[in-house]
Amino acid sequence: MKNTFFLLLLSLIFFTGCKNSDTKTEKTTPESLGISSRSILNFIDAAEKTRPDDLHSFMLLRHGKIVAEAYWNPYNPDNQHMLFSLSKSFTSTAIGIAQAEGLLSINDPVISFFPDKTPGNPSQNLESMRIRDLLRMNTGHNTEPQFIRQDTNDWVKAFLAAEVEHKPGTRFVYNSAGTFMLSAIIQKVSGETLLQYLTPRLFEPLGIENPSWETAPGGINVGGWGLKVRTKDIANFGQLYLQKGMWEGKQIVPAEWVEEATSLQTSNGSNPDSDWEQGYGYKFWRCRHNLYRGDGAFGQYCIVFPEQDAVLAITSGSGDMGAIMNLVWDHILAGLKEEPLEENMEVFNILQNKLSNLSLSVLNGQSSSPLAESISGQEYSMSSNTEGIKEIVINLQPDMQSISFNFGDRTEIVPFAFGSLKNGTITLPTGTVQYIASSAAWTSPDTLQLRTYLVETPFYYTHEIAFGEDEVRLKRKTNLSMGGGPELEIRGRKK
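Residues numbered from 1 in each chain as written. Predicted model: local features only at pLDDT ≥ 70, side-chain atom pairs only at ≥ 80, totals over all residues. Heavy atoms only, no water.

Novice: Looking at this structure, how should I read the sheet that holds strand 12 (residues 285–286)?
Specialist: Hydrogen bonds between backbone atoms are what pair the strands of a sheet, whose relative direction is either parallel or antiparallel. Taken in spatial order, the six strands line up as 4-3-15-14-13-12 in an open sheet, and their pairing is antiparallel. At either end of the open sheet lies a strand with only one pairing partner, and these are strand 4 (65–71) and strand 12. Direction of pairing for strand 12 relative to strand 13 (residues 292–296): antiparallel, over a ladder of two bridges. From the neighbouring strand, Trp 285 faces strand 13, where its bridge partner is Arg 293. Against the sheet, helix 11 (residues 321–335) contacts strand 3 (55–62), strand 13, strand 14 (300–305) and strand 15 (310–316), and its axis sits at roughly 35 degrees relative to strand 14. (Pairing = 2+ DSSP bridges. Helix = DSSP H or I, 4+ residues; strand = E, 2+ residues; numbered from the N terminus. Contact = heavy atoms within 4.5 Å. Axes fitted to C-alpha atoms, helices over the stretch in contact; angles between N-to-C directions.)

Novice: Would you take a moment to explain unusual backbone geometry for this structure?
Specialist: Leaving glycine out, the prevailing phi sign among residues is negative, and the prevailing peptide bond configuration is trans. The step from Asn 73 to Pro 74 runs through a cis peptide bond, and the omega angle for that step is 15 degrees. The topology assignment puts Pro 74 in the loop between strand 4 and strand 5 (80–82). Backbone geometry places Asn 210, a non-glycine residue, at a positive phi of 55 degrees. Take Asn 210: it is sitting in the loop between helix 8 (194–203) and strand 6 (212–213). The backbone of Phe 298 sits at a positive phi, close to 65 degrees, despite the residue not being glycine. Since its relative accessible area comes to 13%, Phe 298 is described here as buried. (Buried < 20%, exposed > 50% of the residue type's maximum accessible area, 1.4 Å probe, protein only.)

Novice: Just checking my understanding: could you explain the pattern of salt bridges for this structure?
Specialist: When their charged atoms lie close together, side chains carrying opposite charge are able to pair. Taken as a whole and assessed by the stated rule, the structure comprises 24 salt bridges. A salt bridge links Arg 51 to Asp 54; the nearest nitrogen and oxygen atoms lie 2.8 Å apart. Put simply, Lys 228 and Glu 456 hold a salt bridge, and the shortest N to O gap is 3.1 Å. Within this pair, whereas Lys 228 is found in strand 9 (residues 227–230), its partner Glu 456 is found in the loop between strand 23 (447–454) and strand 24 (460–467), the two being separated by 228 residues in sequence. Taken as a pair, Lys 228 and Glu 456 share a single burial class, namely buried. (Salt bridge = Lys/Arg side-chain N within 4 Å of Asp/Glu carboxyl O.)

Novice: When you look at the sheet that holds strand 5 in this model, what are you seeing that I'm missing?
Specialist: What the three strands build is an open sheet, ordered 5-9-6; its pairing is antiparallel. Edge positions in the sheet fall to strand 5 and strand 6, since each of these pairs with one other strand and no more. Inspection of the sheet shows strand 6 paired to strand 9 by two bridges, in the antiparallel sense. Residue Trp 213 lies in a different strand from strand 9, and its bridge partner there is Leu 227.

Novice: Even after reading the chapter, I still don't get the packing of aromatic side chains, so can you show me in this structure?
Specialist: In this description, a pair of aromatic rings is defined by centroid distance and the angle of the planes. In this structure the tally under the stated criterion is 23 aromatic pairs. With a centroid separation of 4.9 Å and an interplanar angle of 80 degrees, the aromatic rings of Tyr 280 and Trp 285 are classed as edge-to-face. The two residues Tyr 280 and Trp 285 agree in class, both being buried. Through a chain of ring-to-ring contacts, the aromatic side chains of Phe 90, Phe 203, Phe 237, Tyr 241, Phe 284 and Tyr 292 assemble into a single cluster. Lying across the ring of Trp 276, Arg 293 places its NZ or CZ 4.9 Å from the centre. Over the ring of Phe 407 we find Arg 410, and its NZ or CZ is 4.2 Å from the ring centre. (Phe/Tyr/Trp six-rings, centres within 6.5 Å; stacked < 30°, edge-to-face > 60°. Lys NZ or Arg CZ within 6 Å of the ring centre and 35° of its normal.)

Novice: What's the story with the side chain of Arg 288 in this structure? I'm lost.
Specialist: Checked against the element boundaries, Arg 288 lands in the loop between strand 12 and strand 13. With a relative accessible area of 18%, Arg 288 lands in the buried category. At 2.9 Å, the side chain of Arg 288 and the side chain of Asp 275 are in polar contact. One polar contact links Arg 288 to Asn 326, side chain to side chain, over a distance of 2.8 Å. (Polar contact = N/O pair within 3.5 Å; in protein donor to acceptor, adjacent residues only side chain to side chain.)

Novice: Explain the packing of helix 2 (residues 37–50) against helix 12 (residues 345–355) to me, please; I cannot follow it from the model alone.
Specialist: The relative placement of two packed helices is expressed as an angle between their axes plus a distance between the axes. The geometry of helix 2 relative to helix 12 is characterised by a closest axis approach of 9 Å and an angle of 35 degrees between their N-to-C directions. Crossing angle aside, the handedness with which helix 2 passes helix 12 is left-handed. Residue-level contacts link Ser 37, Arg 38, Ile 40, Leu 41, Ile 44, Asp 45 and Glu 48 of helix 2 to Val 347, Phe 348, Ile 350, Leu 351, Lys 354 and Leu 355 of helix 12. Within the contact of helix 2 with helix 12, the residues separate by chemical class into eight nonpolar, one polar and four charged. (Left-handed = near helix turned anticlockwise from the far one by under 90°. Nonpolar A, V, L, I, M, F, W, Y, C, P; charged D, E, K, R; others polar.)

Novice: Hey, could you run me through the packing of helix 3 (residues 87–100) against helix 8 in this one?
Specialist: With their axes 10 Å apart at the nearest point, helix 3 and helix 8 run at an angle of 75 degrees to one another. Classified by the interaxial angle, the pair formed by helix 3 and helix 8 is roughly perpendicular. Residues Phe 90, Thr 91, Thr 93, Ala 94, Ile 97 and Ala 98 of helix 3 form the contact with helix 8, whose own contacting residues are Leu 194, Tyr 197, Leu 198, Arg 201, Leu 202 and Phe 203. Residues of the contact of helix 3 with helix 8, tallied by class, amount to nine nonpolar, two polar and one charged. (Parallel < 35°, antiparallel > 145°, perpendicular 65-115°, else oblique.)

This is the structure:
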C-alpha cells in the first residue's frame, strides 16, 4: 500500500497515593501498601534484561492508591497509547451500561437490530446468534470473518453475510469482527457512536481526557480495537472494575455486570500453565492465579487482582505478551503481601532514582564519519517503491541532524541525535500529528543507522542507510510484525 510507512503510524516518576483516583495525592511508599520497593525494582530489572525496550509504561495501584508509576522515555504520563484489543473491554462495558439503561438485552438476537442488512432467508445459526455470543467470542463462526481486511464499505452487512458454521454458544473463536458488531449495536440503539456514548457515562467520570477511537466505514467506531488513552486511564478503568463498578460514590457500571463480565463465560482451553486457556468472560480474559485482564496486541494490559486489591496497567511493544505476564506473576504478584512492610528508605530511594531515569535504548556506534561532509545535504533520487518515496536528504549539520523523505506532494522530516533521543513530529496525510523520537549512529564509515520510536504506538523503525560513491541503499525493518509484506529496501542515486 502506498505510503505504508506513515499510514501505519495513524493506525497506529513518582510515588503518590490517591483514594478512588482523587486528584489530591498523599506521599506514600510501596512498603506502606504491602509490597517492597525491591520487588518493583526486580520487575523492572528483569524486564529490561529479558525484554529490552519492550515496556513503555506501567502503573500499579493497591488499595486505591498509586504504588509505582513508570515511563520509559520518550513515553510520558500525557501520552495516549494504542490499546489494540484492550479496547474490547471498554466496548463490553458499554453493552453492560446500555443493558442497565434498558436499551438492549444481551439475549437479544443480533439480526433484530439490522433487519435491512440481514440476508434473505438467514440460516438458523445466524438467527440464533445473540449479543451474549458476541461478548463471549461464541458467534458460531469456524474462523473470524475476514471482511475487515478487505475493501468492504459496509462491515455490518458483510458480517451478517458471513457463513455461521456452528451453533452460536458452542465454539470459542477469537473474533474482533464480532466486537465491531457490539459497537454497531450501541450506535443503533443510542443514536451515538461508541465513543460518544461512553464519554459522559465512563470516560468523563474516570477523568479520561480526549480519548480517540478509530472509525470504520459508515462512521461506526471499530470497537474491537482502535481506542487510545493514557496509562493512568487504563489503571482507573481497572480500578473501576475492582470496585465492582463504583466510582467516587456513584455506580458507573452495574455490579452484576462487572461480576458477570469478568467471570468464566466460556472455556477456551485446558492448559493450566497458559494465561490464554483459563476461560473467557465478556471481552475479559481469565488469568492464572484467579486474576482477570483486558489485553491488546504487543503488550497492552489492564490486570485486576481481586484478592490482592490491586490493579496493574502496562503499555508496551512486545512480541511475547506471555513473557511480560510471567514477570508480573514472578515479581509483582509474588510481592503483594496482606500487611504493610517495614520501610526501607535506601531501596525506596534507589527505586525513585530508577523510575526517574528510565529510557528506551539509543543506537550505539560512532557519531561521525569521514563521509559526513560530502553527503550532508545531498539529494538522492530513489527507485520506485511501495512507500512512494521520491527523494531522501540527510542533514548532518550540528544540532540540525535529520533525514527528509520527499513523497512528491509532501516532505516529512525526521530529526535525530547521536547518543540520545531527539523528539519531533511528522504530519500524516490526514493532517494528524504523530510524535516521534529518534537516535542515530554510524555502524561503519559508510553506513548510518537511524532508529525512530513512534510514540503512542508499540512500534519503532530502524533504517540502515549505506552510501556508495554516487548511490545510496536504504533498508528498513520494524520491531514488530503486523503480518504485512517484506521490509522496505530501495536504492537511490545522487541528483
